[in-house]
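Fold and contact review
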Amino acid sequence: MSVYSMTGYASAVASVADHVGENTEDSATHGAAHGAARHAAAEGSVGAELRSVNSRFLDLSFKMPDEFRALEPAFRDLITAAFKRGKMELRLQPQRVVDNAWPQPQPEQLHTLAHLENTVQNWLPKAGSLTVNEVLNWCRSAAPAVKLEDAALEAVRRCVAAMKEAREVEGARLVAVLLDKLAQLRELAAQAGPLIPQAVQRQQERFLQRYQEALQAVGGAVTPEAAQERALGEAAAYALRIDVDEELQRLKAHLDEIERLLKKGGEAGKRLDFLIQELHREANTLGSKAAALELTQISVGMKVLIEQMREQVQNIE
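Residues numbered from 1 in each chain as written. Predicted model: local features only at pLDDT ≥ 70, side-chain atom pairs only at ≥ 80, totals over all residues. Heavy atoms only, no water.

1. Concerning the overall build of the chain
Scanning the chain from terminus to terminus reveals 11 helices and 4 strands. Residues counted as buried form 34% of the 317 residues belonging to the chain. In the chain, once contacts between residues fewer than 6 apart in sequence are set aside, the share between residues at least 24 apart is 84%. Accessible surface for the chain amounts to roughly 18,500 Å². Of this, 54% is attributable to carbon and sulfur atoms. (Helix = DSSP H or I, 4+ residues; strand = E, 2+ residues; numbered from the N terminus. Buried < 20%, exposed > 50% of the residue type's maximum accessible area, 1.4 Å probe, protein only. Contact = heavy atoms within 4.5 Å. Areas by Shrake-Rupley, 256 points an atom, 1.4 Å probe, with all protein chains shown as cover.)

Below you can see the structure in the form of structure tokens.
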């Protein structure tokens, strides 16, 4: 299963012709339907745009003409079936192309015009008769408006499919970036492990040196064995204070879980966001226990990498 980003853009266009051709069932009617499809393509189409940015939940907004408001529940169902998180905006733009070809007047239209003309001339005898051009223009304007509801639904379907593909491609890029950061964090953790025994050894040597200096200053008031025992005891207490083995183990467990989620895919954004917070907590603890400059530098490097991961995880669905 793929990991999906919450950011993306997609657009699609569908025309009335897309549905005229779909209704043909046999070859006898295919030619007539194909001609009707060419005519419908010149009458209208719908363009759809879908934009998405990161959000904690799925937040939908629609910008479209009032003629498509009745389809909003259908649009919402299409989007919610494909996406679970993200702030998404759907824009619809209808386009009706005026057909410049002269219409074919229908008998009922001519009958209506003749009746209206007789009525007007009965009341207004000086009124002129209708010209052929006026009759044809009236027939064209009286033609029913092109219905674009089916085209709008098809445009949104295509737009949703394109958005899902775009978010999948962007998600793959995010996974590659995060896996690279994970590798760098593992390397830093591996460097931190051996530094603790070295720091304890150095501190133990400093304790012994100071107690030896104190023995020389006070003479024989304290035996060398007691001074050495005291120095070793303080060194042991110091080792407990700076021990970060537990933090490094938890850090490794969090890194393993993040890698597992990235490879598993699906809706991992919220879980990843929680794990990033835990990583940051362990890096802070590591820095607070740092007994050497090298450990401090490692802690700072970890925090930088974790913050970079946080920015990427915010975009994962």
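2. Considering the pattern of salt bridges
For the structure shown, the criterion picks out 19 salt bridges. The residue E154 makes a salt bridge to R157 at a minimum N-O spacing of 3.5 Å. Taken as a pair, E154 and R157 lie in helix α6 (residues 149-192) at a separation of 3 residues, close to a single helical turn. Taking the shortest distance from any N to any O, the salt bridge between R310 and E307 comes out at 3.4 Å. Taken as a pair, R310 and E307 lie in helix α11 (residues 293-313) at a separation of 3 residues, close to a single helical turn. Within the structure, one salt-bridge network assembled from shared partners comprises R186, K252, D256, E259 and K263. (Salt bridge = Lys/Arg side-chain N within 4 Å of Asp/Glu carboxyl O.)

3. Comments concerning the pairing of strand β3 (residues 58-63)
As paired elements, β3 and strand β4 (residues 86-96) share 6 bridges and run parallel to each other. Across the sheet, L58 pairs through a bridge with G86, a residue of β4. Taken together, β3, helix α3 (residues 72-82) and β4 form a β-α-β motif whose crossover is left-handed. (Pairing = 2+ DSSP bridges. Right-handed = clockwise from strand over helix to strand, strands pointing away.)

4. Re the sheet that holds β4
Taken in spatial order, the 4 strands of this open sheet run β1-β2-β4-β3, and their pairing is mixed. Each having just a single partner strand, β1 (8-15) and β3 make up the two edges of the open sheet. Direction aside, neighbouring strands of the sheet carry axes that sit 15° apart on average. For β1 and strand β2 (residues 44-53), the ladder comprises 8 bridges, and the chain directions are antiparallel. Paired with G8 across the bridge in β2 is S52. Lying over the sheet, α3 contacts β2, β3 and β4, oriented at roughly 140° with respect to β3. (Axes fitted to C-alpha atoms, helices over the stretch in contact; angles between N-to-C directions.)

5. Section: α11
Residues that lie three or four places apart on an α-helix share one face, since the helix turns once every 3.6 residues. Its 21 residues give α11 an end-to-end C-alpha distance of 30 Å, which sits within 8% of 30 Å, the value for a rise of 1.5 Å per residue. Every buried residue of α11 is accounted for by L295, I298, S299, M302, L305, I306, M309 and V313. End-on view of α11: buried residues confined to an arc of 135°, all on one side of the axis. Residues of α11 that are exposed and angled more than 90 degrees away from the buried face: L293 and Q297. (Expected span 1.5 Å × (residues − 1). Arc of directions from axis to C-beta.)

6. Notes on a nonpolar patch on the surface
A cluster of nonpolar side chains, namely V120, W123 and L124, defines an oily patch on the protein surface of about 380 Å² accessible area. Summarising the element assignment, W123 is placed in helix α4 (residues 107-123). The exposure class of W123 is exposed, given its relative accessible area of 73%. (Patch = residues over 30% accessible without salt bridge, like charges linked within 9 Å, V, L, I, M, F, W, Y side chains within 5 Å.)

7. Quick look at the pairing of β4
Relative to β4, β2 is paired through 10 bridges, and the arrangement is antiparallel. The residue bridging A48 from the neighbouring strand is L92, located in β4.

8. Points about the environment of I306
The residue I306 is located in helix α11 in this model. When the C-alpha atoms of I306 and Q277 are compared, they prove to be 8.7 Å apart, with 29 residues separating the residues in sequence. Sequence-distant contacts of I306, defined by excluding residues within four places in its chain, comprise L185, I276, L279, H280 and A283.

9. Digging into the packing of helix α10 (residues 269-288) against α11
Relative to each other, α10 and α11 sit at 165°, their axes nearing to 9 Å. Here α10 is positioned roughly antiparallel relative to α11, judged by the angle of their axes. Every pair of crossing elements has a handedness; the one defined by α10 and α11 is left-handed. Contacts between α10 and α11 involve G269, L272, D273, I276, Q277, L279, H280, A283, N284, L286 and G287 from the former and I298, S299, M302, K303, I306, M309, R310 and V313 from the latter. Looking at the contact of α10 with α11 residue by residue, the class counts come to 10 nonpolar, 6 polar and 3 charged. (Parallel < 35°, antiparallel > 145°, perpendicular 65-115°, else oblique. Left-handed = near helix turned anticlockwise from the far one by under 90°. Nonpolar A, V, L, I, M, F, W, Y, C, P; charged D, E, K, R; others polar.)

10. Thoughts on the environment of L92
Among the secondary structure elements, L92 is positioned in strand β4. A relative accessible area of 4% places L92 in the buried class. Here the alpha-carbon distance between L92 and S11, two residues 81 residues apart in the chain, equals 9.8 Å. The residues contacting L92, other than those within four sequence positions of it, are V46, G47, A48, K63, M64, P65, F68, F75 and V156.

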